[in-house]
Amino acid sequence: MYTLRTFWTSGPKLARGVLSQGVPAAVRGTPAQPARLLTTSVQQESFLNGSSSNYVEEMYSAWLEDPKSVHKSWDVFFRNAQRGAAPGEAYQSPPPMAAMMPMVQRMAWPMMPVPTAPAAATEQMSGKVIDDHLAVQAIIRSYQDPSALGHELGSSGEVRSSIDMVVPHQRMHAMIRAYQIRGHQCAKLDPLGIMEADLDSSTPRELTLPYYRFNEEDLDRTFVLPQTTFIGGGSTSLPLREIIKRLEETYCQTIGLEYMHINDRSKCDWIRQKFEIPGIMSMSNETKRLTLARLVRSTRFEQFLATKYPAEKRFGLEGGEVLIPALKTIIDRSTEQGAESFVMGMPHRGRLNVLANVIRKELDQILCQFDSSLEADDEGSGDVKYHLGCSHMRLNRTTNKSIKLALVANPSHLEAADPVVQGKTRAEQYYRGDIEGKKVMSILMHGDAAFAGQGVVFETFHLSDLPAYTTHGTIHVVVNNQIGFTTDPRFSRSSTYCTDVAKVVEAPIFHVNADDPEAVAHVCNVAADWRSEFEKDVVIDLVCYRRGGHNEMDEPMFTQPLMYKQIGKQPTVLKQYAEKLISEGVVTQEEYEEEVSKYDKICEEAYQQAREEKILSIKHWLDSPWTDFFKDKTRDSMMVCESTGVSEDILTHVGTFMGSPPPDPKFTIHGGVKRILRQRATMVKERWVDWAIGEAMAFGSLMHAGFHVRLSGQDVERGTFSQRHHVLHDQNRDKVFWTPLDNLWPDQAPYTVCNSSLSEYAVMGFELGYSMSNPNALVLWEAQFGDFANTAQCIIDQFISSGQAKWVRQTGITLLLPHGYEGMGPEHSSARMERFLQMSTEDPDQYPEIDERFEIRQLFDHNWIVANCTTPANYFHLLRRQVLLPFRKPLIVMTPKSLLRHPEARSSFDDMLPGTNFQRLIPDLGPAGQNHEQVQRLIFCTGKVYYDLTKERKARDLDDKIAIVRIEQISPFPFDMVKEQCDRYRNADLVWAQEEHKNMGAWNYIQPRIRTTVNRERHVSYAGRASAAAAATGSKQSHQQELNRLLEHAMNLDNHVSLWQSQPRRNLTS
Ligand SMILES: Cc1ncc(C[n+]2csc(CCOP(=O)(O)OP(=O)(O)O)c2C)c(N)n1
Ligand SMILES: [Mg+2]
């Protein structure tokens, strides 16, 4: 039994491949049933291959609606198929054309008037009839091989004559389609003329005349054009010679178009109209002059820097100078369409040029960066000049509108800034209420090697159309200089083009020869139009070259001798274009020279001004300066933080909402969720909270105070451990949800909770970017398990831990990393806190000066906060403090798994009321705490192991002999509070207990700090697992044994010295 895969009246679209498998189990039995099953064995019809089956399905759907709406031959085919015709018999030859003529005369040409003057016989045929007829024939009779068409001709003269007309048309249609699909392979994209952008110098057979068995005579024959092309302009038919000429002009000159992978016919037609219509690329003289002026700036800027700073690295744009007019064209056009703010990301190449000539950052400020003798005005390490970001308001000359241009600071790590730019763009759209991305848009620039090679590009594309992550289309510009450092593209990618990754989201890709500035301008305009029209991504591949080495110190002839011989002969694009415009009479030689000297003078003046500067300020290079947030703040005034507790009313209100079903009586919730809600309601009545409700209260109370909260990550809506349930799903209706936290108060700030794609690198980067846009929000990214965060290591290392030091860039991004050893194996146990701690900046050997502002000063001076809480109340305070602080620091939280439901890991409302605060350290409040002189051991620990330790202590009846103190904020280290505890238990030996292996966890961070605290007069022993390669054992039994040993060593008061060290080392992974 055969089922065509999209024959559904409603319900989900089936994935590719379902065709051969029949209806998938998941769909069977759902209301979305096949509208009709064909009883014939149609699957054996040879013409029903992948691409044609789509078409056939469309025909079938139309036929089901109205059999007359499709061509007669389809009607016959489907009727026969319905009757159960054997494979191959359902199809019948279409009726002879002569028999169709009366019908043809009755039908109107769909868009063009029927010609009144006598015309070639073919012109009298309706385009639609020919299209229908050809489509049926072409698909059914071996569409794949146009050269075979016409072999099985009928014998009657009538049939013969119609076929004489139809078959050449079929071939011509196939030829047009071949140009549309493969024309780019013959386009002249390389300015040097030595390399093919697609790495293939052969000509596709489909782009040769013999393939279609046309001869010389056919070239003068007139053909009716199909509806799938616009090359006719106002003509409905053209001689074959002219058709080929126009196709060549559109598809095989300095623009190579890739769009036929787009499944939406209307989008393909839209692109065809933008390129195929004759004369569409013509440019006014005024625009030509503007383009030339922009090229002058771009080219002379690099030449100026080369002259003034010959020994400095600047990653010049030479060979790709057209990037500047390209970006400016995109910005002009998008501004005309309503854009007001542009968020840009780009790598090293040409960055200074973009800053100077696109963003129009003050030239002297840029040139200052070359002066290594200037004194830095800011704290921190700073960064090299081609990494800095900036934000600038400027007037757009073409529209006279004021626009904002921001370039996001980025590390050397290529493409890492892509998701950051997207997150920042999304946030800006959100804060402006720009739900369609009409006002704020992103532009991403890429190098050819990095675009093809870096996985984060793919991950970022995958965010582009997700409801909670889309920025409504990004314009990507690849500066494709056909080399990556020293590596030839033939050895650096396996894809045809460096841009192939973009096809994953069906983005159109416009390859363009960068030595043709007018073609570049045209594709830039179309790209801007595309984004504005469809709100989707688009790629411009600027095929250029790199005139020098990778940087100004490199010798390219070592590795690319032939290419560089050619480059040596290549005139600059400026020279070529100036000559062209002079020869066309668009500008005079004098005008051109005047433009050049005008810009040279501007550079020279800026140079003199830069020499006057004494101080270098990185603050001027912020991509989001948060001016309002920092207004009137001094370091001194920032040394306070209000209480993070909230009123009982708010706690009760949020708790009640979290424990109530949706207000809609028709909303059916799952039985399990109902139970959870009931438990929550009881909790609230009894005035206590578990982890999830503590978190919800932190979010809810912040939103009540006007702070936006956004939580993103894999499966965060429900929570990996089914603890959160922030989105309730109607059990009977699709896409009917209830999000209690977004409905707490009518005037609350909005709540966004969104399950992300299965990516860490891009999604963490995205949320980081989101957090950078506005400080008045709590932006959280949660890992499924903490371990998975390491696929985003670059975002952690290059942005979160060091961003402020490099770029004076603050962020309050919060990472939630589930962590805890519970026998779940090597990759579901550890969030690798040791890595975060290793990157913490404070000095382990220096006991700090303690005063009443120490707690906040420490936060202010530190690069980030690493915490591991043991109670919901403390987690609640930590999250709230994150936003109530007068400055922003990244927060890394080790979050629990088993503690989510641990009967002791609960907090009373009393611990969350006004006046209460986050506790950096929780002292022992039990018998040991009251009896401190008698205490023999003071155990410091952090996180979940506290509950294992207290249980064991109780079991051994040691509550008054061993004190257990929790360090909740590990970094910055609470020196003052640890000292207090050490002083208090002066007779106790000191132990650090942890569940992580010895070379992991906090031990290596904690030990020197406790030693510093006690002035190195007391020893600190270690109780925990031995060093290991893997983060945890895969065996539950070993896990338990390890835990037992840890507890034994921690609790055995006969052991005084580094207890674990006496244990035999286990092999590798244990
Ligand atoms: C993630 C990452 N890996 C490696 C490098 C080192 N690197 C710097 S530039 C470069 C070549 C980049 O080539 P391409 O993307 O084509 O840009 P181009 O320099 O040609 O403009 C490499 C490998 C890097 N900066 N980032
Ligand atoms: Mg390159």
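## Here's the deal with the environment of V763
Next, step 1: Position of V763 among the secondary structure elements: in helix α24 (residues 761-773).
Next, step 2: Ignoring sequence-local partners within four residues, the contact set of V763 consists of L463, Y469, S712, S756, S757 and W781.

## Comments concerning the sheet that holds strand β26 (residues 969-971)
Next, step 1: Reading across from one edge, β17-β14-β18-β19-β21-β20-β26 is the order of the seven strands in this open sheet, with mixed pairing throughout. For this open sheet the edge positions go to β17 (751-755) and β26, each flanked by a neighbour on one side alone. The average undirected angle you get between the axes of adjacent strands in this sheet is 20°.
Next, step 2: In the sheet, strand β14 (residues 708-713) pairs with β17 via five bridges, with the strands oriented parallel. What sits directly across from S712, in β17, is C754.

## Examining the site of ligand 1
Next, step 1: In the neighbourhood of ligand 1, 15 residues make up the surrounding shell, with R349, S412, D448, A450 and N481 lying closest.
Next, step 2: Within the contact set of ligand 1, an oxygen atom lies 2.9 Å away from a side-chain nitrogen or oxygen of R349.
Next, step 3: Contacts to ligand 1 include L414, whose backbone N or O atom sits 3.2 Å from a nitrogen atom.
Next, step 4: Considering only residue class, the shell around ligand 1 consists of five nonpolar, eight polar and two charged.

## Here we look at the pairing of strand β21 (residues 891-895)
Next, step 1: Counting buried positions along β21 yields five of five residues, so the element is predominantly enclosed.
Next, step 2: Where burial is concerned, the two faces of β21 agree: the one with L891, V893 and T895 and the one with I892 and M894 are both buried.
Next, step 3: Bridging between strand β19 (residues 814-818) and β21 involves five bridges; their strand directions are parallel. Paired with L817 across the bridge in β21 is M894.
Next, step 4: As defined by bridge partners, strand β20 (residues 865-868) adjoins β21 across four bridges and the pair is classed as parallel. Pairing of I865 across the sheet is with L891, part of β21.

## Notes on the coordination of the magnesium ion (ligand 2)
The reference angle at a metal is 109.5 degrees if four donors form a tetrahedron and 90 or 180 degrees if six donors form an octahedron.
Next, step 1: Distances from the magnesium ion (ligand 2) to its protein donors, namely D448 (OD), N481 (OD1) and I483 (O), fall within the range 2.0 Å.
Next, step 2: Read from N- to C-terminus, the donor residues coordinating the magnesium ion (ligand 2) fall into the pattern D-x32-N-x1-I. In terms of burial, N481 and I483 fall into one category: buried.

## Description of the nonpolar core
Next, step 1: Formed by 176 residues in total, the largest nonpolar core has its most connected members in I243, L323, V477, I540, L815, L817 and F940.
Next, step 2: What I540 contacts, discounting residues up to four positions off in sequence, is I330, I475, H476, V477, V478, F510, V512, V523, C524 and A527.
Next, step 3: By size, the runner-up hydrophobic cluster in this structure holds 57 residues, among which are M658, M697, F860 and L885.

## Re a negative patch on the surface
Next, step 1: A grouping of E590, E591, E593 and E594 is seen on the molecular surface, where their side chains present a negatively charged patch.
Next, step 2: By the secondary structure assignment, E594 is in helix α19 (residues 589-612).

## Side note on unusual backbone geometry
Next, step 1: Going from S971 to P972, the amide bond is cis rather than trans, its omega being -5°.
Next, step 2: Here P972 is to be found in the loop between β26 and α32 (975-984).
Next, step 3: Phi is positive for R213, close to 55°, though the residue is something other than glycine.
Next, step 4: Along the chain, the position of R213 falls in the loop between α6 (157-182) and β1 (222-224).
Next, step 5: Classification of R213 by relative accessible area gives partly exposed; the value is 40%.
Next, step 6: For H725, which is not a glycine, the phi torsion comes out positive at approximately 50°.
Next, step 7: Judged by relative accessible area, which is 9%, H725 ranks as buried.

## Some remarks on a nonpolar patch on the surface
Next, step 1: Where nonpolar side chains cluster on the molecular surface, the patch consists of I277, I280 and M281 and spans about 200 Å² of accessible area.
Next, step 2: Among the structural elements, M281 can be located in the loop between α8 (265-276) and α9 (285-308).

## Structural notes on the environment of R432
Next, step 1: Positionally, R432 belongs in helix α13 (residues 417-432).
Next, step 2: Overall, the relative accessible area of 36% leaves R432 in the partly exposed class.
Next, step 3: Setting aside residues no more than four positions away along its own chain, R432 makes contact with E340, S341, K439 and V440.

## A look at the sheet that holds strand β25 (residues 962-967)
Adjacent strands of a sheet form backbone hydrogen bonds with each other and so pair up, either parallel or antiparallel.
Next, step 1: The strand order across the open sheet formed by five strands is β23-β25-β24-β27-β28, and the pairing between neighbours is mixed. Each edge of the open sheet is held by one strand with a lone partner, namely β23 (921-922) and β28 (1020-1025).
Next, step 2: Summarising the sheet, strand β24 (residues 937-941) and β25 pair through five bridges and their orientation is parallel. Looking at the pairing, R937 lines up with I962 of β25.
Next, step 3: Those strands touched by helix α33 (residues 1003-1013) are β24, β25, β27 (989-997) and β28, and its axis lies near 165° from that of β28.
Next, step 4: Packed on one face of the sheet, helix α34 (residues 1036-1051) meets β24, β25, β27 and β28 and runs near 160° to β28.

## Topic: the pattern of salt bridges
Next, step 1: Counted under the stated rule, the structure contains 62 salt bridges.
Next, step 2: Linking E206 and R182 is a salt bridge whose minimum nitrogen-to-oxygen distance equals 3.0 Å. In this pair, E206 sits in the loop between α6 and β1 while R182 sits in helix α6, placing the two residues 24 residues apart along the sequence.
Next, step 3: The salt bridge partner of D332 is R294, with a shortest N-O separation of 2.9 Å. Here the residue D332 occupies a position in helix α10 (residues 323-336), and R294 occupies one in helix α9, the gap between them amounting to 38 residues.
Next, step 4: Connected via shared salt-bridge partners are E242, K245, R246 and E249.

The rules behind these values
- Residues numbered from 1 in each chain as written.
- Chains lettered and ligands numbered in written order.
- Predicted model: local features only at pLDDT ≥ 70, side-chain atom pairs only at ≥ 80, totals over all residues.
- Heavy atoms only, no water.
- Helix = DSSP H or I, 4+ residues; strand = E, 2+ residues; numbered from the N terminus.
- Contact = heavy atoms within 4.5 Å.
- Pairing = 2+ DSSP bridges.
- Axes fitted to C-alpha atoms, helices over the stretch in contact; angles between N-to-C directions.
- Near = heavy atom within 4 Å.
- Polar contact = N/O pair within 3.5 Å; in protein donor to acceptor, adjacent residues only side chain to side chain.
- Nonpolar A, V, L, I, M, F, W, Y, C, P; charged D, E, K, R; others polar.
- Buried < 20%, exposed > 50% of the residue type's maximum accessible area, 1.4 Å probe, protein only.
- Donors = N, O, S within 2.8 Å, 3.2 Å for Na, K, Ca; no water.
- Core = buried A, V, L, I, M, F, W, Y, C linked by side-chain atoms within 4.5 Å.
- Patch = residues over 30% accessible without salt bridge, like charges linked within 9 Å, V, L, I, M, F, W, Y side chains within 5 Å.
- Areas by Shrake-Rupley, 256 points an atom, 1.4 Å probe, with all protein chains shown as cover.
- Salt bridge = Lys/Arg side-chain N within 4 Å of Asp/Glu carboxyl O.
- Lys, Arg positive; Asp, Glu negative; His and termini not counted.
- Charge placed at Lys NZ, Arg CZ, Asp CG, Glu CD.

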